[in-house]
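Okay, here's what each chain looks like letter by letter:
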Amino acid sequence: MKINKSTRIFQYITIIFFSITGLAPILLMVLSSFKTNIEIIKNPLSMPTGLNFASYSKLLNQLPYGTYFMNSILVTGISVFAILVFGSLAAYYLSRYSFRWNSALYMYFLLGMMIPIKLGVVPLFMLMKNLSLINTIWSLILIYAGIGIPLALLILTNFFNTLPKEIEEAARIDGASELGILFRVMVPLMKPALSTVMIIQFINVWNDFFFPLLFTQNEKVKTIQIGMSSLFGEYSTDWSVLFAGLTVASLPIIILFVFASRQFMEGLTAGAVK
């Protein structure tokens, strides 16, 4: 169907409007990181008078920002890796093997998405305390992996169902094991779905504030979200340093989405067109 010129112009205007709406807060955050507190308070929407890196220097001197950043990288990276590995194993098993409790087990996993995890925060805290995992990054990793696997299972199982079983049969004839079929044959075909799960879970884990607040009181294991909260003073806040920290904290997500956006969009639209 041919689209007329006026419709095309309206589409471009709509795209530009939403692009500006989405990018404006990010641009404002980056520009504010190069301003002084006086400039931000006096005229928050103005351009900085120059590239002033004093706020970034203060950020590194006032806080153990590098420790916070590395803790967030470790927690997010290990959690997402665990979600992808165990989610792929469970999804492959439920998708390719039929047994009596197949549907019930699938629904059991999906209950993890239906029941709010925060309702069980007290027994969860007691469990981590009994395991001596309080004030360690492993408490966060186990929690995030448990929370993320149900969504990964939902996405990956549906994607497995779209792949023909003849591929696996050919691999079995060639002598491949079940794990070999999964990781050498199926996983390369699942890059769009895996990228979708990776980006969603990376954002969820990286931006989470609730669980690090409960399980990490030690400065050495705090994540970047908890560490940044110390910049909010009772009577005053150093806004330039805060915006500098937010700018640096947003870089991993931006970089990840830039490199995986194509696979992410393919994963979202997988199965939409037959």
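Below or above, wherever it landed, is the structure these notes cover. (Residues numbered from 1 in each chain as written. Predicted model: local features only at pLDDT ≥ 70, side-chain atom pairs only at ≥ 80, totals over all residues. Heavy atoms only, no water.)

**Remarks on the overall build of the chain**
- Per the secondary structure count, the chain includes 13 helices and zero strands.
- Judged by the C-alpha coordinates and their principal axes, the chain covers about 70 × 65 × 35 Å.
- Carbon and sulfur atoms make up 70% of the accessible area of the chain, which totals about 16500 Å².
- Positive and negative charge centroids in the chain, built from 18 and 11 side chains respectively, lie 6 Å apart. (Helix = DSSP H or I, 4+ residues; strand = E, 2+ residues; numbered from the N terminus. Areas by Shrake-Rupley, 256 points an atom, 1.4 Å probe, with all protein chains shown as cover. Lys, Arg positive; Asp, Glu negative; His and termini not counted. Charge placed at Lys NZ, Arg CZ, Asp CG, Glu CD.)

**What about the nonpolar core?**
- Ranked by size, the top nonpolar core spans 46 residues in total, and within it Leu59, Leu156, Phe160, Met186, Met190, Ile224 and Leu231 carry the most contacts.
- If you tally residues by element for this core, the top one is helix H4 (residues 65–96), at 10 residues.
- Counting 13 residues, the second-largest nonpolar core is a separate cluster that includes Met128, Ile141, Phe211 and Val221. (Core = buried A, V, L, I, M, F, W, Y, C linked by side-chain atoms within 4.5 Å. Buried < 20%, exposed > 50% of the residue type's maximum accessible area, 1.4 Å probe, protein only.)

**Considerations on the pattern of salt bridges**
- Under the criterion given, the structure shown has four salt bridges.
- Linking Arg96 and Glu168 is a salt bridge whose minimum nitrogen-to-oxygen distance equals 2.2 Å. Linking Arg96 in helix H4 with Glu168 in helix H8 (residues 166–173), this pair joins segments that are 72 residues apart in sequence. Glu168 shares its class with Arg96; the two are buried.
- Measuring nitrogen to oxygen at the nearest pair gives 2.9 Å for the salt bridge that ties Glu219 to Lys222.
- For Glu219, a relative accessible area of 38% translates into the label partly exposed.
- Among the charged side chains, a network of salt bridges with common partners joins Arg96, Glu168, Arg172 and Glu178. (Salt bridge = Lys/Arg side-chain N within 4 Å of Asp/Glu carboxyl O.)

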